Amino acid sequence: MKNRSGIEIKPIYNGINPKSESPGEYPFTRGIRKDMYLGRLWTMRQYAGFSTAEESNQRYHYLLKQGTTGLSVAFDLPTQIGYDSDDVMSEGEVGKVGVAIDSLRDMESLFQGIPLESVTTSMTINATASTLLAMYVALAKQQGADLSKISGTIQNDILKEYAARGTYIYPVKPSMRLITDIFEWCSKELPKWNTISISGYHIREAGSTAAQELAFTLSNGKAYVKSALENGLDINVFGKRLSFFFNAHNDFFEEIAKFRAARKIWAEIMKELGATDPKAMMLRFHTQTGGSTLTAQQPENNISRVTIQALSAVLGGTQSLHTNGFDEALNLPTEKAASIALRTQQIIGYESGVTKTVDPLGGSYYIESLTEEMEKEVLLIMKQIESMGGAVSAVEQGWIQEQIAESSYSYQKDIESKEQVIVGVNQFIQKEKSEMPSFKIDDSIRETQSQKLKQLKNERDNNLVSQNLNELKKVALSDKNLMPNILKCVESYATIGEIANSLREVFGEYENH
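Every value quoted in this text rests on a predicted model; they were computed, and no experiment measured them.

K.L.:
Summarise the pairing of strand β6 (residues 196-199); cite the residues concerned and give the values.
P.N.:
Here β6 shows a buried face lined by Ile196 and Ile198 and a second buried face lined by Ser197 and Ser199. Relative to strand β7 (residues 242-248), β6 is paired through 4 bridges, and the arrangement is parallel. Across the sheet, serine 199 pairs through a bridge with phenylalanine 245, a residue of β7.

K.L.:
Go over the sheet that holds strand β3 (residues 120-124) with me, naming the residues and quoting the values.
P.N.:
The strands making up a sheet are joined through hydrogen bonds of the backbone, oriented either antiparallel or parallel. Pairing in this open sheet of 9 strands is parallel, and the strands run β5-β4-β3-β2-β1-β9-β8-β7-β6 from one edge to the other. Only two strands of the sheet have a single partner each, and these edge strands are β5 (193-194) and β6. Of the strand pairs in this sheet, strand β4 (residues 151-154) and β5 are connected by 2 bridges, and their pairing is parallel. Of the residues in β5, the one forming a bridge with glycine 152 is tryptophan 193. In the packing of helix α4 (residues 129-142) onto the sheet, the strands contacted are β3, β4 and β5, and the crossing angle to β3 comes to about 155 degrees.

K.L.:
Just give me the short version of unusual backbone geometry, but keep the residues and values in it.
P.N.:
Of note, the amide linkage connecting tyrosine 26 to proline 27 takes the cis form, showing an omega dihedral of 5 degrees. One non-glycine residue, asparagine 156, lies in positive phi territory at about 55 degrees. Residue placement: asparagine 156 occurs in the loop between β4 and α5 (159-165). Accessibility expressed as a relative area gives 3% for asparagine 156, which makes it buried.

K.L.:
Can you tell me about the packing of aromatic side chains, naming the residues and giving the values?
P.N.:
Summed over the entire model, instances satisfying the criterion amount to 19 aromatic pairs. Relative to tyrosine 510, the ring of tyrosine 162 has its centre 4.4 Å away and its plane inclined at 45 degrees; by these criteria the two rings are tilted. Taken together, the positions of tyrosine 162 in helix α5 and tyrosine 510 in the segment after α20 (496-507) put the pair 348 residues apart, joining distant regions of the chain. Considered together, tyrosine 162 and tyrosine 510 belong to a single accessibility category, that of buried residues. On the numbers, 4.9 Å between centres and 0 degrees between planes, the contact of tyrosine 201 with phenylalanine 245 is stacked. Of the two residues, tyrosine 201 is situated in helix α7 (residues 201-205) and phenylalanine 245 in strand β7; the sequence distance between them amounts to 44 residues. In textbook terms, an aromatic cluster arises when at least three aromatic residues are bridged by ring pairs, as seen for Phe244, Phe246, Phe259, Trp266 and Phe285.

K.L.:
A description of the pattern of salt bridges should follow, citing residues and the corresponding values.
P.N.:
Charged atoms that come close allow side chains of opposite charge to pair. What the rule picks out here adds up to 26 salt bridges. Salt-bridge contacts for arginine 30 lead to aspartate 359; the nearest nitrogen and oxygen are separated by 2.7 Å. One end of the pair, arginine 30, is in the segment before β1 (43-48); the other, aspartate 359, is in the loop between α13 (335-350) and α14 (365-387), and 329 residues separate them in sequence. In terms of burial, arginine 30 and aspartate 359 fall into one category: buried.

K.L.:
Got a sec to walk through the packing of helix α1 (residues 53-66) against α13? Specific residues and values, please.
P.N.:
One can describe the packing of α1 onto α13 by two numbers: an axis separation of 11 Å at closest approach and a directional angle of 35 degrees. Crossing angle aside, the handedness with which α1 passes α13 is right-handed. Here Arg59, Tyr62, Leu63 and Gln66 of α1 come into contact with α13, specifically with Glu335, Ala338, Ser339, Leu342, Arg343 and Gln346. Of the residues belonging to the contact of α1 with α13, the class tally is 4 nonpolar, 3 polar and 3 charged.

Rules used in this analysis
Residues numbered from 1 in each chain as written. Predicted model: local features only at pLDDT ≥ 70, side-chain atom pairs only at ≥ 80, totals over all residues. Heavy atoms only, no water. Buried < 20%, exposed > 50% of the residue type's maximum accessible area, 1.4 Å probe, protein only. Helix = DSSP H or I, 4+ residues; strand = E, 2+ residues; numbered from the N terminus. Pairing = 2+ DSSP bridges. Contact = heavy atoms within 4.5 Å. Axes fitted to C-alpha atoms, helices over the stretch in contact; angles between N-to-C directions. Phe/Tyr/Trp six-rings, centres within 6.5 Å; stacked < 30°, edge-to-face > 60°. Salt bridge = Lys/Arg side-chain N within 4 Å of Asp/Glu carboxyl O. Left-handed = near helix turned anticlockwise from the far one by under 90°. Nonpolar A, V, L, I, M, F, W, Y, C, P; charged D, E, K, R; others polar.

Structure (structure tokens):
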């Protein structure tokens, strides 16, 4: 391959040390594949979901026509914490921060006209991940899809919910059980599905540093692996289906070093825990540009921020990427903003030239040094967590939450003192306001969803629903895998609230002290 000047571009540059680690080799600092983006580009996702399933479906078709290569579903808060849209707890939140999914019928509408075998779908769902995955599988079965070909990811990372985000339902132990049940069930029924996306994104959004994001996330990952091992699962099987979800902020080189260090540390952790298959040691990750970095002031500046962040993710070796709309600090992204965000990825992929060689910054004195220092800092924090008994214990003691809060407070002080410059916010301020198109969801969505629920309950076999929910409660009291029974409930059109409430009766709810 040559550039426009006629200079031959090598697929890999190994720098001054010919014996240095190559991409695709343990511990994968330089990338998980030898050819990286020369073989294929990262999956270009756009996170979308709002209002009703029918409206979100229209946005998905629009994004697919624009060239997005993977769908990413945002769910509203009631769906995330297991309440139906007509529940009193759902008032004021239905369809607001994502799409409202009450039953399999909504899932059918959400993917109307989209063959699930032909797309990969990422679902940002945690406490109710088992139910949403069951709905997706039930729909795939309706479409006659081969389940061995269905691919995608559920976030399914509950530990970071206790530490940073808050959309938990059950106490820690039953939540961890649900996660390992998903690991086991998918290894047999859904072999290409990524069973967890261990998320640093929300930890960073809550105010952590880059090093803390990595340390807390990898510690959570280690806890999930240990839990699966204690339940007799094979690390070389479930380890291949683990994935991660990281944030990309504005400190360009720090972010690249973070992604490189993450792969190295995780490979070593998995090896120590008994993995022998290289694919079970690889850290595969999705990246989303930093929502908390977006400003309501001079929102067009966010296009530049998102570009820098997206480029750091690509140079850091991401497998999948979502770029935020420039107007998201003001409202849900408009179609124009979503289109610009996707075009940003396409320009990086097809015009910038950064994909012509693997790990183009490998060997840079600065990057290599930063990667090494990042690794040291992360391991230091992880050692503290281990001394407390691991991630679950550190969360239960509130230590991780305290560290995030302190970091967030420190950063806010730096902004207020102008030690940290935010263009358009504390420096280079404009008095005139830019007129931005608005995209907001009104409260009538709850009434629409409530009517749909009423109709569903009139049409389904309610005796079968009751029978399946009772059976689910019995299995929850045993040590059997819950996924087959959750799928039975879903296929009989039990609602997400009915399923979550059945498990609440058995497991109780987590109390944040």
